[in-house]
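Analysis of the macromolecular model
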Amino acid sequence: MSITDPTPPERADFIREIVAADLQSGKHEGVVTRFPPEPNGYLHIGHPKSIALNFGIANEFGGRCHLRFDDTNPIKEEQEYIDSIQADIRWLGFDWGEHLYYASDYFEQLYEWAVNLIRAGKAYVDDLSADEIREHRGTFTEPGKNSPWRDRPLEESLDLFERMRKGEFPDGARVLRAKIDMASPNINLRDPALYRILHAEHPRTGDRWCIYPMYDFAHGQSDAIEGITHSICTLEFEDHRPLYDWLIENLPVPSHPRQIEFARLNITYTVLSKRFLRRLVNEGHVRGWDDPRMPTISGLRRRGFPAEGIRDFVAMIGVGKADSIVEVAMLEHAVRDVLNRTALRRFAVLRPLKLVIENYPEELTEEMDAVNNPEDASAGSRKLPFTRELWIERDDFMEDPPKKFFRLAPGREVRLRYAYFVTCREVVKDAAGEIVELRCTYDPATRGGDSPDGRRPKATLHWISAEHATPAEVRLYDHLFGRPDPGADGDLFDDLNPASEEVLNGCLVEPALAEVPVGETVQFERLGYFCPDADSAPGQLVFNRTLTLRDTWAKVQAQGTHAV
RNA sequence: UGGGGCGUGGCCAAGUGGUAAGGCAACGGGUUUUGGUCCCGUGAUCCCAGGUUCGAAUCCUGGCGCCCCAGCCA
């Protein structure tokens, strides 16, 4: 894994071009990247863009990619997040090998470097309060003012910093600041805070420390320690690059990484803000971080999205510096694309309607051959039991059908997939006028679904033998938000889609569906992709709808509604 | 408002001075035992205005628009 190929892949993005150029010019002999999550929440669909970029570049150029937790703020970070993040990255299909690191591994080194900086007269301990520091910072148009402590003797700062570490001061009492330029037009250079006092339990270092480095003082140096060549981050850190470089240049670090920024991912109908996602979970709007409606990796996994679809999606959207909002349809397309190729086809009836074939023998059960996946011959076939009493989808029958409806209707003949042609002879209703049963006849000559005389029904329906049907609960999911730009004109919570989850009980599925393992997504023919939920138990099947199939009939219906 | 970025069809996105790739979506049509899949077809003069050039989305100048920064968050 040490051979370096300086050839960029075809049509590389601007970051890959930079990497390739650095390799070709000999600036670097190999490439080392890193994915640096803060363990303060679960990974969401925005992260794979960065993960695939960092791990992808490392792979393509024969380098390596580290997983490094940016754990410098113990108040927000938890072990649960550290664990879930690793599980999610692995599930996505990426491997950091032996290269698992934590910024907290470098706390001692970072502390030493801070001392170096003080000795060099480039950092000082400030006694100002947070409010006072803000007041001294100035504004976008006015320069800041120097802190009265800015020029205190080095020895005094050294002593104070050491006592900060020893725990002699309460939170917020003092802070270590870089001495750069309070008049800089870049606010990040107006003597940024480097260390703050936080008497908090850290998930990794426990109570060994009560001062913690700020992001700016930890990230670049961690990169340098690990020999990262290209430190890829999102656009909002562009303003921090001068500070990143200043620290690298003013500290005796072992290497000089280069920070490169790209635009983070945004998707329609979804919100990717850890703060907001945490609220959804904590305030009970969803079942948890892994709720199938959540844009988290664990939510998408539970929803049945394959990792390959997510990888294809991020490859499809590209990498650039222009802010953009990708349509969810693209994600859904990527997912359907892999599922169409790989998902087993099964029969399931969500809203059952009884269909009785009057001229079919009472005691007979036939075994019909059904293809498991028309896109993959190696998936083989299965037997479907067929009997006189069946269940079909309520939506597949209309007593008084409109012009474009070509499923079952009184007097109409349709094909029952893999079985026979049936014709509706009678509609049975209950006292309330509800349709409760369809009486039909079948044509024995059409066994398997083809007629010897070349008759071709306009529709093919899926069905379940009543005698063999297995009950199941099915949870239908839709976008978490009811509009493409949630929160655009007000509170995000006002835009939550009240119909994002619909639980259906009394669904009936074919016997083979009891065997699908959690983690596998199958296609319920003509309905969509579904996967067993972890809530399933023997005899208590629960399925989540991953996505519907593309549905041109639904589109026709919607147009009809809107036309009037 | 000072600084930093960005601006190519509805949405992503190639293009790096030689006459606008591709994908998604939408809309037509064909195939089809999933109204699925698959196949075919349909759309831009590149934020605007000047300029340089035989020739500019690509270079120059000036505008306009959008995003980010005033945490002891990352």
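Residues numbered from 1 in each chain as written. Chains lettered and ligands numbered in written order. Predicted model: local features only at pLDDT ≥ 70, side-chain atom pairs only at ≥ 80, totals over all residues. Heavy atoms only, no water.

Every one of the 67 residues lining RNA strand B counts as a neighbour, but Thr141, Arg345, Arg417, Gly448 and Thr552 are closest to it. Contacts to RNA strand B include Leu128, whose backbone N or O atom sits 2.9 Å from a base nitrogen. (Near = heavy atom within 4 Å. Polar contact = N/O pair within 3.5 Å; in protein donor to acceptor, adjacent residues only side chain to side chain.)

Our next topic: the pattern of salt bridges. All chains considered together, the criterion is met by 50 salt bridges. Salt bridges here are not isolated pairs; linked through shared partners, they connect Asp290, Arg302, Glu473, Arg475, Asp533 and Asp535. (Salt bridge = Lys/Arg side-chain N within 4 Å of Asp/Glu carboxyl O.)

Below, the discussion takes up the nonpolar core. Counting residues in each nonpolar core, the largest one holds 37 residues, and the members touching the most others are Ile45, Ile51, Phe55, Ile89 and Phe313. Of all the secondary-structure elements, those providing two or more residues to this core are helix H2 (47-60), strand S2 (64-69), helix H3 (79-92), helix H10 (297-303), helix H11 (307-317) and helix H12 (328-342). What Ile45 contacts, discounting residues up to four positions off in sequence, is Leu265, Ile267, Leu272, Pro295, Ile297, Leu300, Ile310, Phe313 and Leu331. If you look at the next biggest cluster of nonpolar residues, it comprises 35 residues, including Phe161, Met164, Ala224 and Leu247. (Core = buried A, V, L, I, M, F, W, Y, C linked by side-chain atoms within 4.5 Å. Buried < 20%, exposed > 50% of the residue type's maximum accessible area, 1.4 Å probe, protein only. Helix = DSSP H or I, 4+ residues; strand = E, 2+ residues; numbered from the N terminus. Contact = heavy atoms within 4.5 Å.)

Turning our attention to the pairing of strand S1 (residues 32-35). The side-chain alternation of S1 yields two buried faces, one formed by Val32 and Arg34 and the other by Thr33 and Phe35. Read as a crossover between parallel neighbours, the route from S1 over H2 to S2 is right-handed. (Right-handed = clockwise from strand over helix to strand, strands pointing away.)

What follows covers H3. Each full turn of the α-helix corresponds to 3.6 residues, which orients residues three or four apart in the same direction. Over its 14 residues, H3 extends 20 Å from the first C-alpha to the last, a length consistent with the 20 Å expected when each residue adds 1.5 Å. For H3, the set of buried residues is Tyr81, Ile82, Ser84, Ile85, Gln86, Asp88, Ile89 and Leu92. Of the residues one or two after H3, Gly93 is the one with positive phi, at around 100°. (Expected span 1.5 Å × (residues − 1).)

The next point concerns the sheet that holds S1. Here three strands make up an open sheet; going across it, the order is S1-S2-S3 and the pairing parallel. Sheet topology places S1 and strand S3 (100-102) at the edges, where each strand pairs with a single neighbour. In this sheet, neighbouring strand axes are inclined to one another by 35° on average, regardless of whether the strands run parallel or antiparallel. As judged from the three bridges shared by S2 and S3, these two strands associate in the parallel manner. Within the sheet, the bridge partner assigned to Phe69 lies in S3 and is Tyr102. Of the strands in this sheet, S1 and S2 are in contact with H2, which crosses S1 at around 160°. Seen against the sheet, helix H7 (residues 215-226) touches S1, S2 and S3 and runs at an angle of roughly 140° to S2. (Pairing = 2+ DSSP bridges. Axes fitted to C-alpha atoms, helices over the stretch in contact; angles between N-to-C directions.)

Here the focus is the sheet that holds strand S12 (residues 352-357). Strand order in the open sheet formed by seven strands is S19-S16-S17-S18-S12-S15-S20, and the pairing between neighbours is mixed. Lying at the two open borders of the sheet, with one neighbouring strand each, are strand S19 (460-461) and strand S20 (464-465). Two elements, strand S15 (residues 389-393) and S20, share two bridges in a ladder whose sense is antiparallel. Residue Trp391 lies in a different strand from S20, and its bridge partner there is Ile464.

Taking 1.5 Å per residue, 13 residues should reach 18 Å; helix H4 (residues 107-119) reaches 18 Å between its end C-alpha atoms and fits that length. Residue Gly121 follows H4 closely and has a positive phi angle near 75°.

Bringing the packing of aromatic side chains into the picture now. Two measures describe an aromatic ring pair: the distance that separates the ring centres and the angle between the ring planes. Applying the stated rule across the entire model yields 25 aromatic pairs. Taking the centre distance of 5.9 Å and the plane angle of 80° together, the rings of Phe107 and Trp209 count as edge-to-face. Residue Phe107 is found in helix H4, and its partner Trp209 is found in the loop between strand S6 (193-197) and strand S7 (211-213); the two are separated by 102 residues along the sequence. Exposure class is identical for Phe107 and Trp209. Each is buried. Plain terms: the ring middles of Phe161 and Tyr195 are 5.2 Å apart, the flat faces sit at 70° to each other, and that makes the pair edge-to-face. Separated by 34 residues along the polypeptide, Phe161 in helix H6 (residues 154-166) and Tyr195 in strand S6 bring together distant segments of the chain. Each member of the pair, Phe161 together with Tyr195, is buried. (Phe/Tyr/Trp six-rings, centres within 6.5 Å; stacked < 30°, edge-to-face > 60°.)

Turning to the side chain of Asp71, a few remarks are in order. Examined against the element boundaries, Asp71 turns out to sit in the loop between S2 and H3. Despite its burial, Asp71 pairs with no opposite charge, the nearest such side chain being Arg204 at 4.8 Å. Looking at Asp71, its side chain comes within polar contact range of the main-chain nitrogen of Ala103, at 3.2 Å. Sequence-distant contacts of Asp71, that is, excluding residues within four places in its chain, are made with Pro39, Glu77, Tyr102, Ala103, Ser104, Phe107, His202 and Arg204. (Lys, Arg positive; Asp, Glu negative; His and termini not counted.)

What follows covers the side chain of Ser147. Mapping Ser147 onto the fold places it in the loop between helix H5 (130-137) and H6. In this structure the side chain of Ser147 is engaged in a polar contact, spanning 2.9 Å, whose partner is the side chain of Asp126. Ser147 has contacts with Tyr124, Asp126, Leu128, His136 and Arg177, leaving out every residue within four places of it along the chain.

By the assigned domains, chain A splits into domain 1 (108-214), domain 2 (265-345 + 470-564) and domain 3 (348-462). Relative placement of domain 1 and domain 3: their C-alpha centres are 75 Å apart. (Domains from an automatic or database assignment.)

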